[in-house]
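Commentary on secondary and tertiary structure
Chain residues, written in single-letter form:
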Amino acid sequence: MKDAPFTTPPIVAKQADSGALRRMLFGHAASDAYYEALDAAGRYLLWMEFSRFGSVRAYPCVMTDGDETLVYRPYGDGNDVLLERWQAVVTEDAVHKLQITELTKADFKRIYQSYREA
């Protein structure tokens, strides 16, 4: 099955056995997989992870790097740049060095909205 556009392999991929069918059917609506992180270079990352038809994927939303901020905008320009930079920075080796914080859905939405409005 083809991966969903603008997604990457999961970083955390917390999947409990209970509710797996619900997650498979409802995807992010049934998930609490919202995260933010800092990497060793001080980049800020904001993303969500959820299952889509049984495959867990990460959905990059925000990356800051110094003065540059890349934000995923549905139907917007610049999403390719965010995805390319994300994949270059969030490598398999780099994932182990991330300082990851799990967010509630409400906190994630508030943070993401603030970046989208900036």
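Now for a look at the structure at hand. (Residues numbered from 1 in each chain as written. Predicted model: local features only at pLDDT ≥ 70, side-chain atom pairs only at ≥ 80, totals over all residues. Heavy atoms only, no water.)

**Notes on the pattern of salt bridges**
Scanning all chains against the criterion turns up five salt bridges. For R43, the salt bridge goes to D65, with nearest N and O atoms at 3.3 Å. With R43 in the loop between β1 (34-38) and β2 (44-52) and D65 in strand β3 (residues 55-65), this residue pair connects regions lying 22 residues apart in the sequence. Among the residues examined, D65 registers a relative accessible area of 27% and is labelled partly exposed. (Salt bridge = Lys/Arg side-chain N within 4 Å of Asp/Glu carboxyl O. Helix = DSSP H or I, 4+ residues; strand = E, 2+ residues; numbered from the N terminus. Buried < 20%, exposed > 50% of the residue type's maximum accessible area, 1.4 Å probe, protein only.)

**Side note on the environment of V89**
Relative to the elements of secondary structure, V89 occurs in helix α2 (residues 79-89). Spatially, the C-alpha atom of V89 lies 9.8 Å from that of A41, the residues being 48 residues apart in sequence.

**Here's the deal with the packing of aromatic side chains**
Scanning the entire structure with this criterion turns up seven aromatic pairs. Seen in terms of ring centroids, W47 and W86 are 6.0 Å apart; in terms of plane orientation they differ by 70°. Their pairing is edge-to-face. Taken together, the residues W47 in strand β2 and W86 in helix α2 connect sequence positions 39 residues apart. Considering the side-chain rings of F50 and Y59, the 4.4 Å spacing of their centres and the 5° angle between planes classify their relative orientation as stacked. Residue classification places Y59 among the buried residues on the basis of a relative accessible area of 12%. Ring pairs connect the aromatic residues Y34, F108 and Y112, which therefore count as one cluster. Residue placement shows R116 over the ring face of Y112; its charged tip is 5.1 Å from the ring centre. (Phe/Tyr/Trp six-rings, centres within 6.5 Å; stacked < 30°, edge-to-face > 60°. Lys NZ or Arg CZ within 6 Å of the ring centre and 35° of its normal.)

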